[in-house]
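# Structure assessment
For reference, the chains in residue letters:
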Amino acid sequence: MIDKQFEKEEFKKSVKENVKFLYRKTLEEATQEQIFQAVSYTVKDVIIDNWLKSQKAYEKQDPKIVYYMSMEFLMGRALGNNLINLGAYGEVKEALEELGLDINCIEDQEPDPALGNGGLGRLAACFLDSLATLNYCAYGCGIRYRYGMFKQEIRDGYQVEAPDNWLKNGYPFELRRPEYAKEVHFGGYVRVEWDPVKNENKFIHEGYQAVKAVPYDMPITGYNNDVVNTLRIWDAEPIVDFNLDSFDKGDYHNAVEQENLARTIVEVLYPNDNHMAGKELRLKQQYFFVSASLQAAIAKYKKTHDDITKLHEKVVFQMNDTHPTVAVAELMRILIDEEGLGWDQAWDITTKCCAYTNHTIMSEALEKWPIELFSRLLPRVYQIIEEINRRFILEIQQKYPGNFEKVKKMAIIYDGQVKMAHLAIVAGYSVNGVARLHTEILKNQELKDFYEMMPEKFNNKTNGITQRRFLAHGNPLLADWVTDKIGPDWITDLSQLSKLKVYADDEKALQEFMTIKFKNKERLAKYILEHNGVEVDPHSIFDIQVKRLHEYKRQLLNILHVIYLYNQIKAHPEMEFYPRTFIFGAKASAAYARAKKIIKLINCVADVVNNDASINGKLKVVFIENYRVSNAEIIFAAADVSEQISTASKEASGTGNMKFMLNGAPTLGTMDGANVEIVQEVGEENAFIFGMSSDQIINYENNGGYDPDFIYNTDPEIRQVLMQLINGTFSSDTEMFRDIYNSLLDKRNMPRPDQYFILGDFRSYAEAQKRVEEAYKDEKRWAKMALLNTACSGKFTSDRTIQEYVDDIWHLDKVVVKEN
Ligand code: CRA
Ligand code: PLP
């Protein structure tokens, strides 16, 4: 049933009225951006009705609520996604056509709300979609950064960062909620006072700076169930407007500082993926949104419940990595200092309300804060962490008497640092990894001591993705084809896709499948021509690696292999070679110099290869600028080959890998992260697996690495590729790529040369690439592989992941909003 508001005539009328009301213009006079705003307001109107209805249902049914606490929500555009979930995309598309408008152009006007870096932030967005679709009451809690993930421009082959001013024209899908504002306190000191009535000490936080946290709510629509949940992101404002009053009171300096704090705190997202920079402002951001979110959650609970000791029956806080882990101590603070509970009672509640997800074993990502910084910024919270630590160390000593190694390795505070992961594990009742292999590595390597002491907390939740955005919206041709073959139930039950397996040998179906792939490749080719000015041939193999740029993800292996192929074609022009387009997309953290150099290298190789007439266009290299959710949708749909080539053990899960698979691209990858489970679902014969295993890598690492020199000295083709980095082949400046060369070979490279085993895996990768080519040449075989990837991707829906979180960790109640 389509909602009344989406009857075409009503819809058109409403859009025209909005244009008039908002801009005093007729439709003909309005810009595309203004029409986007008008359309969005019409859609928001429908959503608000459902939002109210959901609130009413929640109030009546009083379900348990999950608060998904995350520094990042990489939402992507809302308009198209909302239309899909409201079941109104088709109608609205037609209505806009009748007004002479193209829905794609209208959607393109929306800035990507990019309040996240990559996988972790996008996972949070997929989870919100699934929670709403599965009828669970959930809040996303985060920060309303004024500037999200930077925009990437490529100039002369270099990445240049530009600010992402996503709020410039006003964002139509947000709602300011000043009535729910909260105060958050920083700095100052703790005064201890004896309470003669309770016969105990009271802790009073004084001399602090205060910031007002003002929430903005974004609606999260469920699929066809009228559920609308809330993503609540916090903005910061000064408590009182800076004025001469404070000057008069001699408090001028403090007033200025408070004003500055409010201005800076939510200014910008730190653009680091899997890396901790240790900046004070970052800790302020963390405490800011955590404190505001917890205060709001507790206020909400208390509105309808009077026993705070039963908080855990209605509330769970899921901590998305350690970024919001200060929540543990903040909850203790609120329960003790504001609710008046004793330590044991507060601890009992806290440890039943908090759960932690680990997303990485990369050591540079582990959050550790210097005691000095932490205790200065959050004196009362630090005191509480000290006490948690003191009690935990007693527990360790009780369990392992005399074993000081254990204390050293497991303490929350040690060596002048507060270790956030340890705090999360000690206080959380659940600790989960994000793919089977990752969880095993946590249990047996990284968190071994904790697993031995508290095995019952550890569990796995393999990541997932939402098919509503990444198939229904991103790949409408394939979505329609799937529905045509097996009906529409896959939209909320992705396991249905396995019904497509019967078409694996059906020539007509295979041909249809590949025709759709071809059209999607044409769509991407058009995008590339418009945005990069490069012409690519949709008949060539589209071999794609899109993800954040990181050495462990090994874009360098990919581009070195491109150079190797180029050399081969040049040396043997007669050699049979299936035309290939290597497509890259990746942002590098602004301060990650080597990653930026790798981008420059990819672009330099592209320059040489794409302009070498002698290779007859057999090879093309394209770097897509500003990879983000909106172009990701187009990219996944057009891929022939999905490059998932991280050093085994380093990629906790990956989610891009799942999106490629869903869209019918076989994986070329290592046995890492969720690739392992992808191969298990689709069968090794329908993927291209290569490289060292995680056991081998970990083994090498524990024994001081391996010797890349040996490969350099014994494999002349690899040596040639490496020499080309420094002999002027790709840059007249022979020093340009010296650091990359050194990273692979120089003994002085820290912690050792070729830390990510690029040379070690090179031959195996090249051989797997050869298998890709062979498979692709056999059209029928390839079509079958591609189709089977889609057919076997059912497991990787975030609906499955969320249901597992609900069953094993959150124990939420289903809510009914839509009456039938
Ligand atoms: N960088 C992992 O590296 C994983 C996502 C989501 C990451 C990915 O392999 O798919 O999380 N880790 O679980 C992370 O951010 C802080 O750690 C990521 O996105
Ligand atoms: N960035 C964007 C825009 C994405 O859509 C995804 C996909 O999941 C990611 C990053 C994460 O990619 P990967 O899992 O390959 O690291």
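## A closer look at unusual backbone geometry
With omega at -5°, the peptide bond leading from Met-750 into Pro-751 counts as cis. Position of Pro-751 among the secondary structure elements: in the loop between α30 (738-745) and α31 (758-777). Despite not being glycine, Asp-156 has its phi angle at roughly 55°, a positive value. With respect to the helices and strands, Asp-156 occurs in the loop between β5 (151-155) and β6 (158-162). For Asp-156, a relative accessible area of 63% corresponds to the exposed category. The phi dihedral of Asn-626 is positive, around 55°, even though this residue is not glycine. Inspection of the secondary structure assignment puts Asn-626 in the loop between β22 (619-623) and α24 (629-637). By relative accessible area, Asn-626 is classed as buried at 11%.

## Here's the deal with the site of ligand 2
In the vicinity of ligand 2, 13 residues are found, and the nearest of them are Lys-547, Lys-553, Thr-655, Gly-656 and Lys-659. A distance of 2.7 Å separates an oxygen atom of ligand 2 from a polar side-chain atom of Lys-659. In the complex, 96% of the free accessible area of ligand 2, which totals 390 Å², lies under the protein chains. Placement of ligand 2 is best described as lying within the largest cavity.

## So, the site of ligand 1
As a structural note, the neighbourhood of ligand 1 is formed by 15 residues, with Asn-274, His-359, Asn-463, Glu-651 and Gly-654 the closest of them. Gly-119 places a polar main-chain atom, nitrogen or oxygen, 3.4 Å from an oxygen atom of ligand 1. One nitrogen or oxygen atom from the main chain of Ser-653 is found 3.0 Å from an oxygen atom belonging to ligand 1. When isolated, ligand 1 has an accessible area of 420 Å², and the protein chains bury 96% of it. In this structure, ligand 1 is accommodated by the largest cavity. The residue inventory of the shell around ligand 1, partitioned by class, reads five nonpolar, seven polar and three charged.

## Here's the deal with the layout of surface pockets
Empty space within the largest pocket amounts to approximately 1100 Å³. Together, 35 residues line the largest pocket, and Tyr-89, Asn-104, His-473, Pro-476 and Arg-523 are the ones closest to its centre. Listed by contribution, the elements that provide at least two residues to the lining of the largest pocket are α4 (89-98), α5 (103-108), α19 (467-473), α20 (476-486), α21 (507-532) and α24. Broken down by element, the residue count for the lining of the largest pocket peaks at six residues, all from α21. Class assignment for the residues of the lining of the largest pocket results in 14 nonpolar, 10 polar and 11 charged. Summarising the domain contributions, the lining of the largest pocket has at least three residues from each of domain 1 (1-61 + 79-112) and domain 3 (467-717 + 750-803). Approximately 830 Å³ is the volume found for the second largest pocket. Around the second largest pocket, the lining is made up of 33 residues, and of these Gln-55, Glu-59, Tyr-139, Tyr-180 and Lys-300 lie nearest the centre. For the lining of the second largest pocket, the secondary-structure elements that each account for two or more residues are α2 (32-61), β1 (65-69), β4 (138-143), β12 (228-238) and α9 (280-304). The element contributing the most residues to the lining of the second largest pocket is α9, with eight residues. When its residues are assigned to classes, the lining of the second largest pocket shows 18 nonpolar, five polar and 10 charged.

## Here we look at the domain arrangement of the protein chain
According to the domain assignment, the protein chain contains domain 1 (1-61 + 79-112), domain 2 (63-76 + 114-461) and domain 3 (467-717 + 750-803). Using C-alpha coordinates to define each centre, domain 1 is positioned 36 Å away from domain 3. The partner domain 3 presents seven residues to the seven residues of domain 1 that form the contact. Roughly 520 Å² of surface becomes buried between domain 1 and domain 3 when both sides are summed, with 52% attributable to carbon and sulfur atoms. Taken as a group, Asn-81, Ile-84 and Asp-112 account for 79% of the area that domain 1 buries against domain 3, more than any other trio of residues on that side. Counting the contacts that link domain 1 with domain 3 gives one salt bridge. Linking domain 1 to domain 3 there are three residue pairs in polar contact (both at pLDDT 80 or more). Broken down by element, the side of domain 1 that touches domain 3 gets its largest block of residues, four residues, from helix α3 (residues 79-85). Residue composition of the side of domain 1 that touches domain 3, grouped by class: two nonpolar, three polar and two charged.

## Some remarks on the side chain of Asn-520
Structurally, the position occupied by Asn-520 is in helix α21. Not counting residues up to four positions away in its chain, the partners in contact with Asn-520 are Asn-475, Leu-477, Ala-637 and Ala-638.

## What about the sheet that holds strand β23 (residues 641-644)?
Reading across from one edge, β22-β21-β20-β23-β24-β25 is the order of the six strands in this open sheet, with parallel pairing throughout. Every other strand in the sheet has two partners, leaving β22 and β25 (688-689) as the edge strands with one partner each. Pairing geometry for strand β20 (residues 541-546) and strand β21 (residues 580-585), over six bridges, is parallel. Across the sheet, Ile-541 pairs through a bridge with Arg-580, a residue of β21. The sheet strands contacting helix α23 (residues 593-610) are β21 and β22, and the helix crosses β22 at an angle near 145°.

## Description of the pattern of salt bridges
Between side chains of opposite charge, a pair can form when the charged atoms approach closely. Summed over all chains, the structure comprises 67 salt bridges. Between Arg-376 and Glu-372 there is a salt bridge; the shortest N-O distance is 2.7 Å. One end of the pair is Arg-376 and the other is Glu-372, both in helix α13 (residues 371-377) and four residues apart, which spans about a single turn. One salt bridge in this structure joins Arg-752 and Glu-701, with 3.9 Å as the shortest N-O distance.

## Comments concerning the nonpolar core
Within the largest apolar cluster, 286 residues are counted, with the highest numbers of intra-cluster contacts made by Phe-288, Phe-374, Leu-524 and Trp-810. Dropping the residues within four chain positions of it, Trp-810 is found in contact with Lys-64, Val-66, Tyr-68, Leu-131, Val-316, Gln-318, Tyr-429, Ile-802 and Tyr-805.

## Remarks on the pairing of β23
Here β23 shows a buried face lined by Val-641 and Glu-643 and a second buried face lined by Ser-642 and Gln-644. Two strands pair when backbone bridges link them, and β20 and β23 are joined in this way by two bridges, in the parallel orientation. Note that in β23 the partner of Ile-544 across the bridge is Ser-642. With three bridges connecting them, β23 and strand β24 (residues 667-669) associate as parallel partners. For Glu-643, the partnering residue across the bridge sits in β24 and is Leu-668. A crossover links β23 with its parallel partner β24, the connecting element being helix α25 (residues 656-662), and its sense is right-handed.

Criteria and thresholds
- Residues numbered from 1 in each chain as written.
- Chains lettered and ligands numbered in written order.
- Predicted model: local features only at pLDDT ≥ 70, side-chain atom pairs only at ≥ 80, totals over all residues.
- Heavy atoms only, no water.
- Helix = DSSP H or I, 4+ residues; strand = E, 2+ residues; numbered from the N terminus.
- Buried < 20%, exposed > 50% of the residue type's maximum accessible area, 1.4 Å probe, protein only.
- Near = heavy atom within 4 Å.
- Polar contact = N/O pair within 3.5 Å; in protein donor to acceptor, adjacent residues only side chain to side chain.
- Areas by Shrake-Rupley, 256 points an atom, 1.4 Å probe, with all protein chains shown as cover.
- 1 Å grid on protein atoms, 1.4 Å probe; cavity = no way out; pocket = protein on both sides within 12 Å on 5 of 7 lines; lining within 4 Å.
- Sits in = over half its atoms within 2 Å of the grid points.
- Nonpolar A, V, L, I, M, F, W, Y, C, P; charged D, E, K, R; others polar.
- Points joined across faces, edges and corners; volume = space filled by probe spheres on them.
- Domains from an automatic or database assignment.
- Contact = heavy atoms within 4.5 Å.
- Buried area = accessible area lost by both parts, 1.4 Å probe.
- Salt bridge = Lys/Arg side-chain N within 4 Å of Asp/Glu carboxyl O.
- Pairing = 2+ DSSP bridges.
- Axes fitted to C-alpha atoms, helices over the stretch in contact; angles between N-to-C directions.
- Core = buried A, V, L, I, M, F, W, Y, C linked by side-chain atoms within 4.5 Å.
- Right-handed = clockwise from strand over helix to strand, strands pointing away.

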